[in-house]
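Reading the structure
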There are 2 protein chains.
Amino acid sequence: MFIILVKPQMGENIGAVARIMKNFGIENLRIVEPRDGWPNEKAIASSVGAANVIHNAKVFYSLNEAIGDLQFLYATTAQHRSITKGCVLSRDISSEVLSMINNGVNKIGIMFGRENWGLSNDDISLANKIVTIDTNPEFSSLNISHAVGTICYELFNNKANLSSESHIQEDTLATRQQMQYFYDHLFKALNAVNFFRIPEKKEHMSQKIINIFSRIDKLSSNEVQTLHGIVAALKTKSGEKNDNNSL
Amino acid sequence: MFIILVKPQMGENIGAVARIMKNFGIENLRIVEPRDGWPNEKAIASSVGAANVIHNAKVFYSLNEAIGDLQFLYATTAQHRSITKGCVLSRDISSEVLSMINNGVNKIGIMFGRENWGLSNDDISLANKIVTIDTNPEFSSLNISHAVGTICYELFNNKANLSSESHIQEDTLATRQQMQYFYDHLFKALNAVNFFRIPEKKEHMSQKIINIFSRIDKLSSNEVQTLHGIVAALKTKSGEKNDNNSL
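Everything in this summary refers to the structure shown in the same document. Since the structure is predicted, the reported quantities are computational estimates derived from the model, not experimental observations. (Residues numbered from 1 in each chain as written. Chains lettered and ligands numbered in written order. Predicted model: local features only at pLDDT ≥ 70, side-chain atom pairs only at ≥ 80, totals over all residues. Heavy atoms only, no water.)

**Quick notes on the packing of aromatic side chains**
Here is the rule we go by: Note on aromatic pairs: the rings of Phe, Tyr and Trp (six-membered ring only in Trp) are paired at centre separations within 6.5 Å, and the planes decide the class, stacked below 30 degrees, edge-to-face beyond 60, tilted for the rest. The numbering of helices and of strands both runs from the N terminus, where a helix is a DSSP run of H or I of at least 4 residues and a strand a run of E of at least 2. For the exposure calls, accessible area comes from a 1.4 Å probe over protein chains only, and a residue counts as buried if that area is under 20% of its type's maximum, exposed if over 50%, partly exposed in between. Remark: a charge is flagged as sitting over a ring if the NZ atom of Lys or the CZ atom of Arg is within 6 Å of the ring centre and within 35 degrees of the ring normal.
Taken as a whole, this structure holds 15 aromatic pairs over all chains when the rule is applied. Centroid distance phenylalanine 24 of chain B to tyrosine 153 of chain B: 5.6 Å. Interplanar angle 65°. Geometry classified as edge-to-face. On the criterion of sequence distance, the pair formed by phenylalanine 24 of chain B in the loop between α1 (11–23) and β2 (28–32) and tyrosine 153 of chain B in helix α7 (residues 144–157) is long-range, its members being 129 residues apart. For the pair formed by phenylalanine 24 of chain B and tyrosine 153 of chain B, the shared burial category is buried. For the ring pair phenylalanine 182 of chain B and tyrosine 183 of chain B, a centre distance of 6.0 Å and an interplane angle of 55° mean the geometry is tilted. Put simply, the rings of Phe24, Tyr153 and Phe156 of chain A together with Phe24, Tyr153 and Phe156 of chain B pair up and form one aromatic cluster. The ring of phenylalanine 139 of chain B carries the charged tip of lysine 22 of chain A above its face, separated from the ring centre by 5.0 Å. Positioned above the aromatic ring of phenylalanine 2 of chain A is the side chain of arginine 30 of chain A, whose terminal nitrogen or guanidinium carbon lies 4.3 Å from the ring centre.

**Remarks on the sheet that holds strand β2 (residues 28–32) of chain A**
Backbone-to-backbone hydrogen bonds pair the strands of a sheet. The strands run either parallel or antiparallel. Residues and elements named next belong to chain A. Note the cut-off: Note on pairing: DSSP must find at least two bridges between two strands before they are called paired. Only C-alpha atoms enter the line fits that serve as axes; for helices the fit covers just the stretch in contact. Angles between N-to-C directions range over 0 to 180 degrees. Whether two residues are in contact is decided by their heavy atoms, any of which lying within 4.5 Å being enough.
Taken in spatial order, the 7 strands make up an open sheet running β3-β2-β1-β6-β4-β7-β5, and their pairing is parallel. The sheet terminates laterally at β3 (58–60) and β5 (87–89), the two strands that pair on one side only. Across this sheet, the average inter-strand angle for adjacent strands is 25°, counted without regard to direction. Examined bridge by bridge, β2 and β3 share 3 bridges and lie parallel to one another. Residue pairing across strands places isoleucine 31 opposite valine 59, the latter belonging to β3. Along the sheet face, helix α7 (residues 144–157) touches β1 (2–6), β6 (108–112) and β7 (129–132) and points at about 155° away from the line of β6.

**Side note on the pairing of β7 of chain A**
Residue and element names in this part refer to chain A. Taken together, the 4 bridges between strand β4 (residues 72–77) and β7 define a ladder with parallel strand orientation. Paired with threonine 77 across the bridge in β7 is threonine 132. As paired elements, β5 and β7 share 3 bridges and run parallel to each other. In the strand pairing of β7, cysteine 87 is matched with isoleucine 130.

**Quick look at helix α9 (residues 199–214) of chain A**
This is how it is decided: The span expected for a helix works out to 1.5 Å for each residue beyond the first.
For α9 of chain A, with 16 residues, the first-to-last C-alpha span of 23 Å sits near the 22 Å given by 1.5 Å per residue. Regarding α9 of chain A, the residues found buried are Ser206, Gln207, Ile209, Ile210, Asn211, Phe213 and Ser214 of chain A.

**Let's talk about the side chain of serine 221 of chain B**
We count it as follows: The term polar contact refers here to a pair of N or O atoms within 3.5 Å; inside protein, the definition further demands a hydrogen-donor-capable atom paired with an acceptor-capable atom, and it admits residues adjacent in sequence only when both atoms are side-chain atoms.
Summarising the element assignment, serine 221 of chain B is placed in helix α10 (residues 221–246). Within the structure, the side chain of serine 221 of chain B is placed 3.0 Å from the side chain of glutamine 178 of chain B, a separation counted as a polar contact.

Structure, rendered in structure tokens:
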């Protein structure tokens, strides 16, 4: 199980995250673009007895890199977002994770957004699923260490917190990196045919597309190859069509 | 539902407790002997959007005062203590609390100890029951706001978080204050007969006794009167006996 902090700001919070992770037996921390750089003295100080989690944390400068090798990715949100994506409540995540692990899916990540901001819709679109923590609708802004703590608590107290190192075949399910290559391929192809002709809508439309593919349940590497094949095939045909149109 | 912090030290932690309480819809905070006095600017600053919880917090200078009006009291511990007392796991507390509320027990408190220390055995002996948060046995020391957060999360997410103001008869179950009067009465009587004749053992023995009575399930006010009656009756008899002995 991997905890991924996306653009965290305060070292104190990163340290508090490390501590509560270790309290609940989860020690793989990945950090994307920490605002104050890395290493961070405040993170070490506030981790108390969990300095090893901080020292072993892996820092990335893009979210895509941080999630590249994962087979399944959750995005954590405090409230339901308008984005169309499968959603699990925090109290049900452990049984879901356990069932994935039993099916050979071991490289699972859970990402958390920056303080007071959460994850962007772009970030969320990359996830396979959303996990939501129900909170007081009048005061839903959780401190990041409390959001992480709630999820780690659920996993630990319901015995879904197994080792992240898998000895089961990892190539069955598509990794996030394979998905990213696919999106790159697809968008390049779409750009070539001027699919995103209204610039203001491009971002929204990209999210929407990623969101569709990221929701394919148990997509295998082999199936991603098939998707590549489809794009490659259509690309040629569209290219021809495009050429025809421009005549 | 009342959250009771016993001798908390850092204002930042008190503020973080207030915030996570409000996130999970619980707003009654009681604080016993805050180390840095009260009000505490740091507590207000770190409560972020939950300053109302801090402003409305009630501060007490003894634990007995803080729990006097409660009908049921939990003591939170990270690990199982050697003390003989009923114990519920955090994930089961909400169904238990819900069943109490359905039976007219509304004034329920949950107490948490100071940072890095937890509750003393004295404090725990006053509780009806222990609630335990399962943690990594190799790193079980939870930040106080995470301990409070875990319990509040369980109560909120499992719908046991009902209003603390009861309109059901509150006099059915004995309050903690009534229990305290009873313990005072009992210990005075025991002292009078030199029950605690080995001074070093007095504290341990007192805890043990309180621990026995505090575990009586659903003890009513009326039954406490009966206990008083028993002590009063025995006292006279012992007193006579004592007088006889001293003759």
